Each structure stands twice: as structure tokens, then as C-alpha cells.
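Understanding the architecture of this molecule
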Amino acid sequence: MKEQRITAPAPEGLGVEMVGVPKDAELELDLRLESVMEGVLVSGTAFLPIEGECARCLDEISFTMEVEFQELFVYDDTRSAAGADEDERRLEGDLLDLEPVLRDAVVLALPLSPLCQDDCPGLCAECGERLADVGPEHSHDVADPRWAALQGLVETREESQEG
């Protein structure tokens with residue numbers, strides 16, 4: 001068994017649409033490599049800087065995230081490797097590729113709708129202003145378009161009563 005802490009640059013595309021790890025950001029990986037009968041069992045924790053935008057108000061957000069992963073990399077010369085699935089990871093000589101394992105763990109752990117705060121009110125549907133900035137008294141006098149034709153009748157009646 002071997003434990004090691006590694007710092008590595010983040011690969012491109014490590015994330016989802018609205019949030020992810022910036023390319024070449026510094027990743028810290030705590031790895032534990034164990035030799036088992038079938039191959040090498042890799043267990044680890046990744047500490048990742050995350051950047052993106054809030055799904056409600058579109059403000060930039062950033063935070064750090066901790067993701068755990070575990071994967072068995074099988075030897076090529078074992079019986080398991082001969083009948084292995086396509087999903088099984090294999091050692092390539094003395095090397096193993098952690099990028100796909102890390103990518104799977106990070107993408108599954110990321111929020112699909114990240115928020116800048118749990119109670120983010122979002123944007124005003126009428127003017128697009130951040131509701132957190134304009135306050136609770138923010139409103140618009142917008143008539144329902146289905147009643148727009150009747151609005152002219154009310155104005156005409158008020159004018160005829162004044163005259």
C-alpha cells in the first residue's frame with residue numbers, strides 16, 4: 001500500500017454546463033494505491049476549485065469541493081482482464097490513467113443548478129434586475145395582455161365622465 005499527495009493541473013472540460021473546474025487549475029489529490037490479486041485498487045480524495053454561475057441570478061460563484069473516488073485497475077495478464085468489460089479500467093504497463101475516474105466522480109458530484117446562496121431570489125421576469133439588489137418592494141404595473149383591449153375602454157369611460 002502506498003499513500004501519496006499529488007498536485008496536478010486540471011484537464012479541460014472537467015465540469016457541467018454551468019459549473020466546473022477551470023482548465024489548468026491546481027488539483028490536490030490524496031491517493032492510496034493498494035496491490036490486490038486482480039490489479040491495483042486506487043482510492044482517493046480530490047480537492048477542487050470550482051467556478052461557474054448561479055442558475056437563478058447568473059452571478060459568478062466559486063467554491064472548493066471535496067470528491068472521493070475508488071477504482072480497480074486490473075492487470076492485463078489476469079483472468080479478469082481476459083473477460084473484462086469495456087467499463088473495467090486496465091493498467092497500461094506500470095501506468096494508470098486517473099483522468100476518466102476523476103472526471104466521472106467530479107461530474108456526478110457537481111450541482112446541476114448551482115446557486116450563489118440557498119435562498120437566491122433570481123432575476124425579475126419583467127426587467128431582468130437581480131431581485132436581491134432591488135429589494136422586496138420591486139414591482140411592475142403590467143397588464144395581462146389578454147385584458148389589454150379592455151384597458152382602453154376604462155380610460156375612455158373615465159374621460160367621458162370627467163367631461
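A short tour of the structure in this document, coming up. (Residues numbered from 1 in each chain as written. Predicted model: local features only at pLDDT ≥ 70, side-chain atom pairs only at ≥ 80, totals over all residues. Heavy atoms only, no water.)

**Points about the overall build of the protein**
Rule in force here: A run of DSSP states H or I qualifies as a helix once it reaches four residues; a run of E qualifies as a strand once it reaches two. Both are numbered from the N-terminal end. A simple rule labels every residue: compare its accessible area, found with a 1.4 Å probe on the protein chains alone, to the largest value its type can have, and call it buried under 20%, exposed over 50%, or partly exposed in between. Note on contacts: a residue pair qualifies if any of its non-hydrogen atoms lie within 4.5 Å across the two residues. Note on areas: Shrake-Rupley with a 1.4 Å probe; residue coverage comes only from the protein chains shown.
What the protein contains, in helices and strands, is four helices and seven strands. Helices and strands in the protein line up, N terminus first, as β-β-β-β-β-β-α-β-α-α-α. Within the span of the protein, comprising 163 residues, buried residues form 27% of the whole. Considering only intrachain contacts with a sequence separation of at least 6, the fraction spanning at least 24 residues in the protein is 52%. Summed over all atoms, the accessible surface of the protein reaches about 11400 Å², with 47% contributed by carbon and sulfur.

**Considerations on the layout of surface pockets**
To keep things clear, this is the line we draw: For each structure, a 1 Å grid was placed over the protein atoms alone; sets of points admitting a 1.4 Å probe that cannot get out are labelled cavities, open sets with protein on both sides within 12 Å along at least five of seven lines are labelled pockets, and lining residues have an atom within 4 Å of a point. Grid points are joined across faces, edges and corners, and a volume is the space filled by probe spheres set on the points. Just so you know the grouping, Ala, Val, Leu, Ile, Met, Phe, Trp, Tyr, Cys and Pro go in nonpolar, Asp, Glu, Lys and Arg go in charged, and all remaining residues, Gly too, go in polar.
Approximately 350 Å³ is the volume attributed to the largest pocket. Lining the largest pocket are 18 residues, and of these I6, L31, L33, L96 and L98 sit closest to its centre. Within the lining of the largest pocket, the residues separate by chemical class into 14 nonpolar, two polar and two charged.

**A look at the side chain of T45**
Among the structural elements, T45 can be located in strand 5 (residues 39-53). Every residue in contact with T45, bar those within four places of it in the chain, is listed here: E28, L29, D30, E66, V67, E68 and F69.

**Here we look at the nonpolar core**
The following threshold applies: By convention a nonpolar core is built from buried Ala, Val, Leu, Ile, Met, Phe, Trp, Tyr and Cys residues, the set being connected through side-chain atoms within 4.5 Å.
Membership of the largest hydrophobic core comes to 24 residues, with the highest contact counts inside it found for V21, L48, F69 and L102. Put simply, the parts of the chain that give this core at least two residues each are strand 3 (19-21), strand 4 (26-35), strand 5, strand 6 (60-74) and helix 2 (99-109). Ranked by residue count, the leading element in this core is strand 5, at five residues. Each residue touching F69, except ones within four places of it in the same chain, is listed here: L31, V42, S43, G44, T45, A46, L98, V101, L102 and A105.

**Focus on a nonpolar patch on the surface**
Keep this limit in mind: Note on patches: the residues involved have over 30% relative accessible area and no salt bridge, like charges join within 9 Å, and the nonpolar side chains Val, Leu, Ile, Met, Phe, Trp and Tyr join within 5 Å. Salt bridge, as applied in this entry: a Lys or Arg side-chain nitrogen positioned within 4 Å of an Asp or Glu carboxyl oxygen.
Taken together, the side chains of W147, L150 and L153 make up a nonpolar region of the molecular surface, amounting to roughly 350 Å² of accessible area. Within the element layout of this structure, L150 appears in helix 4 (residues 148-162). For L150, a relative accessible area of 40% gives the class partly exposed.

**So, the pattern of salt bridges**
Considering all chains together, one arrives at eight salt bridges under this definition. Measuring nitrogen to oxygen at the nearest pair gives 3.0 Å for the salt bridge that ties R130 to D133. Connected via shared salt-bridge partners are R5, E28 and D30.

**Here we look at the environment of V21**
Structurally, the position occupied by V21 is in strand 3. Among residues more than four places away in sequence, those in contact with V21 are A10, L14, L27, L48, P49 and I50.

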